[in-house]
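Below, each chain spelled out in residue letters.
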Amino acid sequence: MTWINALASVFHDYLLVMDNLILIAVIVIVYVLGSPLYLLRRQRRHERDMEKVSRKLESAITELQRVSQQLKISPETEPETDQTRSEEEDTREVEPALVGQEPDEETEIQPPVLVGAEPPATVTEGGPWDARTQPDAPKPTTKPSRGVEETLASKWLIWIGAIAVGLSAVFLFRYAVDQGWLTPLTRVLLGLILGGLLLAAGEWTMRNPVKAVRRAVNPDYVPPALTGSGIFAIFVSSYAAHAMFGLLTAGTAFVVLGLVAYSALVLSLRQGPFVALLGFLAGYLVPALIEMPVTQSAPLFVYLFVLSAGCLLVMVWRKWWWFSYLTLVGAFLWPILYLLESWTMSDQGVLDAYALGLAVLFALLSTGLPIKRPQIPLWRWLIEMLADTSGLGFTLSGLLLLLLANAAEFNAAAFYFIGFYCASALLMASRRAALESLIIVAAAISLTAVLFWPEPASVTPALGAQTLPEPGFGPFSVPPEYSVYSVALWGLAVLFGGGGFIGSQRGRTPVVWTGVSTLMPLLFFCIGYWRVGKLETDISWAAVAAGLAVLFSAVAVAKARQTRDGRSDLMVAFYAAGATAAIALAFSCLLREAWLTVALSSETLALAWIWSRTQLSELRSIAMAVTIVVIVRLVANQEILEYQGDFLKIFGWVIYGYGIPAVANLLAARIFARSRVDAAATTCEIAGVGFAFLMVALQLKLWTSGGIYTPSWLWRLFDQSVQTLWWIAAAGLLLFEARRSGRKWPYPAGLGLLAISVVVVFLSHVFTLSPLLTNESVGYFPLMNLLGLAYFLPAVLFFFIGHSNRFKLANNLRSLFQGAAGVLIFIYISLETRRAFWGTNIGLSGSTEPTNGELYAYSAVWIVFALCLLFIGIVRVSVPLRYASLAVLMVTVAKVFLLDMSDLSGLFRVASFLGLGLTLIGIGRVYQRFVFRPVVSDQASDSD
C-alpha cells in the first residue's frame, strides 16, 4: 500500500494548491455525468437496431402469411422434396435479438411464430378437404406462477446483495481507517473508484444479461442493484470528503452531491424505479446534509427547482404516476420548512419565483393519477382537475403563494406574483385545452388573496381621499394603506375579464372562459365595495358598476349580431346576465342596506328570464349559485339586526328586504320548472318560500317587539306566542302543499317546523315564559287573553293538523300532535281557573298561594274536562280520547289524595272527596253501559 499512499500524498498536495476542489469534482463529473451520456447514446443506437429488426420481422411475417395462403389453396398435397424444403427455409428469418444485444451471425436460424396464428392441421390420406382432417389441439400457454424460491432468488436476494455491497464499502473504509492504511484523500478516491466500477458493472449486466437469467427472470434486478450501489458509493464518498475530511468546501460539496443525485435520475430512465427513488432521496436530502456558512435562498431554490424539473421529466418519460407524489412532497416541503425557520423579507422574491416556476412546471409536465371519479358532473370535473399532476401541482403552488403572501402581509410583490400566477394559467389554458381547469384554480387563489388581505390598523388621513362617510372610501381615491389593495383588485378584474374574453373566442370549453370573464370582475367589484367602500352609498361605486354593465351589454350585442352558433349564444347569455348583475349592483350602491340583497335576488329572476330565451343549462347553475349567496346573506348576516327603514309607515323594511327576494325566487322557480324540476328550480322555490316565511315572522316581531333584536330579559310570552302561531300555521301550509302537489321538500320542511313549534311551546310557553313564573299580565276576559293566545290557539292548530287528512302526516305523528293539543288544553283550563281567582296577574308568590276554593275548583274543572273527553270519545268511538279522559282522572285522583287531603279543610275537603267518588262511580257505570256492553248470544238453550 506504500505506492498508493505516495500517490495520494501527491494528489493531496495538488488539491491543497487548487483549493481542494477541482480534482474530485472532475472525477465525479466523469464518472457520474459521463456514463449517463454514453448510455443515452448507446440507447439511441440500440433503438435504431430494434427498428431494423422490427422491419425484418414484419417482412418475414408477411412472407409467411403468403406461403400459408398458397398451401391452403393448393389442390393437392405434393410430397415434400429437398428443393421445397430449401425454398421454405429461404423464407425464414433470423430471430431478432433482444434490445441492447447485437444480432449474432452464428445464432441458430429459427422460423418466426405468428402471434395468434392457428397451428397447422394434421392431414390424413383423404387430403386437406377430407372430413377426417382435424387440427392439432392447441397447447395451453398459461404463465407458470412464480414460487417462493424463484421470488427470493430473482428479486429479494439481489436487493439484499446490493445493500450488502454498499455496506461492504462502508465497512471496508471503516476497517482501513482503523488500521491506518488510508489517508482521507485515498479513502475518497477509492470510494469513487468503487462507485464507478459498480456503475460500469450495472451497465454491462444490462447490455449483456445471462441467457438463463434472461429467460427465467423478468425483470432482471441485477443491473439496477449494481447501479444503485454505485450511486450510493459515489454519494457517500463525496459527502465524506466534505463532512469528515474537509476536502471539499460546503458550496462545492453541495454542487457535487446535487450532480450525483441528478445523474441518478438520468440513469433511472434506463435502470428503472429503484435508481430513480435513490436519486430522489439523495437530491432532496442534499440541503439537509450540507450546512452552508451563510443561508442563501437563491442557490438553494434554484437547485430545488432544477431537481424538481428533473423528477418531473423522469415521471413523464417513464409514466410513473407514483413518482409524482414524491415529487410533490419534496418540491413543497422545503419552502414550507424554510418559511418556518429562515424566512426574511429579502427572500420573498426568490420563494415567490420558485412557487411560480413550480406552477408552470407541474402544468406542463403532468401525468394522470389513479383517483376514482364520482358520478356527479360537477364533482367529477373538480376531481378530474385534481386527478392530474398539472391541476394538483398548480393548486399547491397557488397555496404556497398564499402562504408567502401572508408572511409578507400581502404587500405589492405578493399581489404581483399572484397576478403572474393567474396570467400563466390563462396563457397555458389558451395554448393547451387540457389545462383549462387551471383557470378555476387561479380564480379561487386570487379571490382568496383579496379576501384574506388584512385591513390596516390605522389609516393615514389624505386630502380628498375620504369621499364616503366614515369609514368607507371611493373606488379610486383611497389612502396610501389601501392603494396596493385597490390596484390589485382592479388589475385582477381586468386580467380575468380580458383574458376570459380572449380565450372564449377559441377555447375548448367556452362556458369556463365566458363565466370567468363575466363573473370575476363582478366578484372583485363586490369585494372592493365591501372592504374598501364599506357598503356605503356612493355614486362613484355605482358609476363603476354601470360601466361594467355597459361593457357587458356591448359585448353581448356584438356577439348577437354575429353568426349564431352554440358558442355565440353562450357568450350572449353570459354577458347579458353579467350586464343585469352589474345594473343591480349599481342600484345597490345608491341604496342602503337591504337593497343589496334585493338586487342580488333580482339577478336570479333576470337569469331565469335569459334562460327562457336561450335554454342554456349553465345559466340555471349560475342562478342557483346566486340564490345560495342571497340565502347566506339574509340568514347569516348579523348586520340585518341593525337595519332601519319602513314602508307606508306601517310595515318595516322586511317587506321589501325579504318580500322582493321571495317573489323573485318564486317567479324564477316557476320559469325554470317549465322544462324540468331540477336542483336550480327546487333551490329557487325553497328560497322563495323561506324568504316569505321570514318576512312574515320578522314583520310580526317588529309589530310586537318594536325591533328585530330583543334582549332575552325583554322577551315576553306574548312575543313568543305570536311567533309560535305563525310557525305552526306555516308548517301546516307546507304539509298541505306536500299532500296536494306531491313534491318532496315541503314535507320534511313542514314536519321540521312543526316539531320545532312543539318543542318551543312546551319549553318556553309552559316553563320559561309561563305567567306563573314571570307574572306577566294575561288579561281580564276569558279566552280573549294571553292564555288563549299562548295555549288554546296552539292546541287548536295542533289538533286540526293532526286530525285532518288534508295534511301529509304519518298516523303515529298524528296521535302525537293530538296528544300535545290535549295537554295544552289541560294547561289552559288550569290557568284560566287561577285567572278567575286572581285576575290578570296569576304569578305564584308567597302572597298568592292557592286558597281552599281554588284548590277545589281545580278538581272540579279537571273532572268536567275528563267527562267531556269521555263523552266525545264514546260518541266518536275514539280510544285515544277515552285514554285521555282516564289520564285526566288519574291526575285528579292523585291531586285529591296528595294535596286536598292535607291542604283542604272543612266542607271543601268533604266536597272534594264526595265529588270525586261520585264521579268515579258514575264513570264506571258509563263504561259498563256504553263501552263494555255484554255480548248477548243469539242461540237459546234447549229446555228439557
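Whatever comes next refers back to the structure up there.
Residues numbered from 1 in each chain as written. Predicted model: local features only at pLDDT ≥ 70, side-chain atom pairs only at ≥ 80, totals over all residues. Heavy atoms only, no water.

Undergrad: When you look at the overall build of the protein chain in this model, what are you seeing that I'm missing?
TA: Broken down by element type, the protein chain carries 33 helices and four strands. Counting every position in the protein chain, which comprises 944 residues, the buried fraction comes to 43%. Across the protein chain, the fraction of contacts at a sequence separation of at least 24, relative to all contacts at a separation of at least 6, is 71%. Summing over all exposed atoms, the protein chain offers an accessible surface of approximately 50700 Å²; the carbon and sulfur share of this is 66%. (Helix = DSSP H or I, 4+ residues; strand = E, 2+ residues; numbered from the N terminus. Buried < 20%, exposed > 50% of the residue type's maximum accessible area, 1.4 Å probe, protein only. Contact = heavy atoms within 4.5 Å. Areas by Shrake-Rupley, 256 points an atom, 1.4 Å probe, with all protein chains shown as cover.)

Undergrad: Would you take a moment to explain the side chain of Glu832 for this structure?
TA: Mapped onto the fold, Glu832 is located in helix 30 (residues 811-838). On the accessibility criterion, Glu832 (11% relative accessible area) is buried. Aside from chain neighbours lying at most four places away, what touches Glu832 is Pro782, Leu783, Asn785 and Leu787.

Undergrad: Is there a simple way to think about the environment of Gly279 in this case?
TA: In this fold, Gly279 is placed in helix 9 (residues 273-289). Given the relative accessible area of 0%, Gly279 is considered buried.

Undergrad: What should I look at first to understand helix 10 (residues 297-318) in this one?
TA: A turn of α-helix holds 3.6 residues, and therefore any two residues three or four places apart point the same way. Taking 1.5 Å per residue as the helical rise, helix 10 with its 22 residues ought to reach 32 Å, and the 31 Å between its terminal C-alpha atoms agrees with that figure. At the exit of helix 10 stands Lys319, carrying a positive phi of roughly 60 degrees. (Expected span 1.5 Å × (residues − 1).)

Undergrad: I would appreciate a short explanation of the packing of helix 9 against helix 11 (residues 321-341) in the present structure.
TA: The relative placement of two packed helices comes down to the angle between their axes together with the axis-to-axis distance. Between helix 9 and helix 11, the shortest axis-to-axis distance is 11 Å and the interhelical angle comes to 5 degrees. Looking at the two axes, helix 9 sits roughly parallel to helix 11. Each of Pro273, Ala276, Leu277, Phe280, Tyr284, Pro287 and Ala288 in helix 9 lies in contact with helix 11, whose residues at this interface are Trp322, Phe323, Leu326, Thr327, Gly330, Ala331 and Trp334. Grouping the constituent residues of the contact of helix 9 with helix 11 by class yields twelve nonpolar, two polar and no charged. (Axes fitted to C-alpha atoms, helices over the stretch in contact; angles between N-to-C directions. Parallel < 35°, antiparallel > 145°, perpendicular 65-115°, else oblique. Nonpolar A, V, L, I, M, F, W, Y, C, P; charged D, E, K, R; others polar.)

Undergrad: Looking at this model, I keep getting lost on the pattern of salt bridges. Mind explaining?
TA: Any two side chains of opposite charge can pair, on the condition that their charged atoms come close. All chains considered together, the criterion is met by eleven salt bridges. Across the pair Arg270 and Glu203 runs a salt bridge whose closest N-O atoms are separated by 3.2 Å. Of this pair, Arg270 sits in helix 8 (residues 250-271) while Glu203 sits in helix 5 (residues 184-207); the two residues are 67 residues apart in sequence, bridging distant segments of the chain. Grouping residues by exposure puts Arg270 and Glu203 together as buried. Close ionic contact of Arg743 with Glu737 constitutes a salt bridge, the shortest N to O distance being 2.9 Å. Residue Arg743 is classed as partly exposed on the basis of its relative accessible area of 29%. Among the residues examined, Glu737 registers a relative accessible area of 18% and is labelled buried. Salt bridges sharing partners connect three or more residues here, namely Glu685, Glu737, Arg740 and Arg743. (Salt bridge = Lys/Arg side-chain N within 4 Å of Asp/Glu carboxyl O.)

Undergrad: Explain the environment of Val689 to me, please; I cannot follow it from the model alone.
TA: Along the polypeptide, Val689 turns up in helix 25 (residues 679-705). Residue class for Val689 comes out partly exposed when judged on its relative accessible area of 30%. Sequence-wise, Val689 and Val663 are 26 residues apart; in three dimensions their C-alpha atoms are separated by 8.9 Å. Those residues in contact with Val689, other than ones at most four positions away along the chain, are Leu666, Leu734 and Trp745.

Undergrad: What is the right way to look at the side chain of Thr683 in this model?
TA: Of note, Thr683 is situated in helix 25. Thr683 sits in the buried class, given a relative accessible area of 18%. Of the polar contacts made by the side chain of Thr683, one reaches the backbone oxygen of Ala679; its length is 2.6 Å. In contact with Thr683, not counting residues within four places along its chain, are Met624, Thr627 and Ile628. (Polar contact = N/O pair within 3.5 Å; in protein donor to acceptor, adjacent residues only side chain to side chain.)

Undergrad: Got a minute to help me understand helix 8 in this structure?
TA: Taking 1.5 Å per residue as the helical rise, helix 8 with its 22 residues ought to reach 32 Å, and the 30 Å between its terminal C-alpha atoms agrees with that figure. Buried residues dominate helix 8, accounting for 17 of its 22 residues. Downstream of helix 8 by a residue or two, Gly272 has a phi angle that is positive, lying close to 110 degrees.

Undergrad: Explain the packing of aromatic side chains to me, please; I cannot follow it from the model alone.
TA: For any pair of aromatic rings, geometry is given as the distance between the ring centres together with the angle between the planes. On inspection of all chains with the given rule, the structure shows 33 aromatic pairs. With a centroid separation of 6.3 Å and 70 degrees between ring planes, the pair formed by Trp320 and Phe323 is classed as edge-to-face. This pair shows no difference in class: Trp320 is buried, exactly as Phe323 is. Aromatic pair Trp321 and Tyr325: ring centres 6.0 Å apart, planes at 85 degrees, arrangement edge-to-face. In this pair, Trp321 and Tyr325 are both assigned in helix 11, four residues apart and thus about one turn of the helix distant. What links up through ring pairs into an aromatic cluster is the set Phe280, Tyr284, Trp320, Trp322 and Phe323. Taking NZ or CZ as reference, Arg620 lies 4.7 Å from the ring centre of Trp611, over its face. (Phe/Tyr/Trp six-rings, centres within 6.5 Å; stacked < 30°, edge-to-face > 60°. Lys NZ or Arg CZ within 6 Å of the ring centre and 35° of its normal.)

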